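# Summary of the model geometry
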Amino acid sequence: MFGDRFSDRTNPSMAEARTESWTGKRIVVSPVEVTNFLGSIPLLQQLPGTSIQKIAEVVEPLQFGKGEVLLREGTPEDGLYFLWKGEVEVSIPNSMGSHTLGLLKSGDYFGYASAELIKNLNKSDVTAISEVICFVLRNENAHLLSSVSIWAQQPDESEVALLERILELETLEVDLYKGYTKPDYPSFGGNVYGGQLLGQALAAASKSVDPALLVHSLHAYFLLTGDERMPIIYKVERTRNGHTFATRQVSAIQKGRVIFTMYASFQRSMEGFEHQESMPNVPTPDQLLSQDELRKRYFSDPRIPLKKREKWAGGKPTKSSPLDVKEVDPIDEVSKEALPPWQSVWMKSKGKLTDDPALHRCAAVYASDWTFLATAKRPHRTVPIQLLSLDHSMWFHKPFRADEWLLFVQSSPRASNGRGSVYGHFFNQNGELVMSASQEGLMRKLQKSDRSVAKSKL
């Protein structure tokens, strides 16, 4: 639970001499104002967006006049106070009067909310030095301050999609998170998949803003390959806070070194002008085979030697993919024919995702790196090529669900100087352009000496 440094957990019977109740005057505040304010509190931003909404519905708006005592030293705390307007003074009574510890202003919080039988006792007086308005979360609603996941308060673990589990982070403290590459997560040659870094970093950034603000653009650089055997620390810096826009920088750290960095900008929804380019006319997902189905067809392909097919069929099972992927023009892996530098792919999460718009954007970011840079390799299939992402940018145009089919139209207009550039657009099944992306990556001929070295994520 959340508390402040002026409290101590003690049995209530020890405070029988001090039982004053300071309730304040209950007032009416618009739900929008309550939600907007609570969404700006860093400790609450770490919770699922639905939890903040529920807290906004149950908090009590209380008004206190100048000089009124909000909390008295030695009395049982009855809730967590979020200071919306005004200032309060925190002091400790003593034989000489009182000793002032400091002032609290709008955005600060104090007190303690707990559903346990043993309550906290105030170890200080909290007094209004101006007219004050607080939102108070009472003990009976203390459960809203904790959650099993950053995306849902009480998810059913048996039904959580693999992609949602990949995007789950452990909260270490405000703006500091830990991510993992668990055995069932996709990885490449021992390296962390680039989409995982993108998705987890955006998840960390999303937990540092008002849930009403959603990412509208991001720009990221891959600095070092990530080691799948080690956890990843994500450090968020609050570069800019505003009512309409907010900017965050996220650093991914392993072994004390920054391996990845991202800038993400968030925006509150607003009306504006609209236009878009049209979605290409392609087969629908139900008319195409999945990547898993295409892979199984090679087991009976007569162009492949029988011994090789038997080896594939009896080999070590591949890790389950968190994505359903259906290629509009699938590559013939047996043929080495050069192909044009473009492709279209239908993608979605395997399994339903929690109804959090921020999660769906993180999921789409994860998916965006799955086939992207490989588009630049299509005209050069006669030689082995090493690919490694260098940077990645995305723009988000409209709301969407990442557990529903999205068409990712990709093209590579240029490869030169050991690098390939790719661009893409995401359309939903209604033909709406919902996201755009671009990426540049290292693209060089794979030498024999390189094959003993850990491969890139692609």
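Look up a bit, the structure's there.
Attention here is on the structure that accompanies the text. Worth saying up front: this structure is predicted, and the values here are computed from it rather than measured.

## With respect to the pattern of salt bridges
Applying the stated rule across the entire model yields 16 salt bridges. With a shortest N-O distance of 3.2 Å, K352 and D355 are connected by a salt bridge. K352 sits in the exposed class, given a relative accessible area of 54%. Linking R401 and D355 is a salt bridge whose minimum nitrogen-to-oxygen distance equals 2.9 Å. Linking R401 in the loop between strand 22 (385-396) and strand 23 (406-416) with D355 in the loop between strand 21 (342-349) and helix 8 (357-368), this pair joins segments that are 46 residues apart in sequence. On the basis of relative accessibility, which here comes to 25%, the residue R401 falls in the partly exposed class.

## Describing the environment of E237
Within the secondary structure, E237 sits in strand 17 (residues 232-241). Accessibility expressed as a relative area gives 38% for E237, which makes it partly exposed. Considered as a pair, E237 and Q249 are 12 residues apart in the sequence and their alpha carbons are 5.1 Å apart. Setting aside its immediate chain neighbours within four residues, E237 contacts T247, R248 and Q249.

## A few points about the packing of helix 5 (residues 194-206) against helix 8
At a minimum axis separation of 7 Å, helix 5 and helix 8 run at an interaxial angle of 160°. Between helix 5 and helix 8, the angle falls in the class roughly antiparallel. Note on packing geometry: the crossing formed by helix 5 with helix 8 is right-handed. From helix 5, G195, Q196, L198, G199, L202, A203 and S206 reach across to helix 8, where they touch A358, R361, C362, V365 and Y366. Across the contact of helix 5 with helix 8, the residue classes tally to seven nonpolar, four polar and one charged.

## Description of the sheet that holds strand 13 (residues 176-179)
Here we have 12 strands laid out as an open sheet, ordered 12-13-17-18-19-16-22-25-24-23-21-20, and antiparallel in their pairing. This sheet does not close on itself; its edge strands, each paired only once, are strand 12 (170-173) and strand 20 (323-327). Between one strand and the next, the sheet's axes are offset by a mean angle of 25°, whatever the strand orientation. Note that strand 12 and strand 13 share three bridges and pair antiparallel. Bridge pairing in strand 13 links T171 to Y177. Strands strand 13, strand 16 (213-222), strand 17, strand 18 (245-254), strand 19 (257-268) and strand 22 of the sheet are contacted by helix 5, whose axis makes an angle of about 50° with strand 19.

## Remarks on the sheet that holds strand 5 (residues 79-85)
Sheets are built from strands paired through backbone hydrogen bonds, the pairs being either parallel or antiparallel. Judged by pairing direction, the sheet is antiparallel, and its five strands sit side by side in the order 2-3-11-5-8 without closing on themselves. The open sheet has two free edges, formed respectively by strand 2 (25-26) and strand 8 (109-112), since each of these has just one partner strand. Inspection of the sheet shows strand 3 (residues 60-64) paired to strand 11 (residues 132-138) by five bridges, in the antiparallel sense. Bridging from a neighbouring strand, Q63 pairs with I133 of strand 11. Sheet contacts for helix 1 (residues 31-38): strand 5 and strand 11; angle to strand 5, the most-contacted strand, approximately 105°.

Criteria and cut-off values
Residues numbered from 1 in each chain as written. Predicted model: local features only at pLDDT ≥ 70, side-chain atom pairs only at ≥ 80, totals over all residues. Heavy atoms only, no water. Salt bridge = Lys/Arg side-chain N within 4 Å of Asp/Glu carboxyl O. Buried < 20%, exposed > 50% of the residue type's maximum accessible area, 1.4 Å probe, protein only. Helix = DSSP H or I, 4+ residues; strand = E, 2+ residues; numbered from the N terminus. Contact = heavy atoms within 4.5 Å. Axes fitted to C-alpha atoms, helices over the stretch in contact; angles between N-to-C directions. Parallel < 35°, antiparallel > 145°, perpendicular 65-115°, else oblique. Left-handed = near helix turned anticlockwise from the far one by under 90°. Nonpolar A, V, L, I, M, F, W, Y, C, P; charged D, E, K, R; others polar. Pairing = 2+ DSSP bridges.

Purely spatial values, then, with no claim about function.
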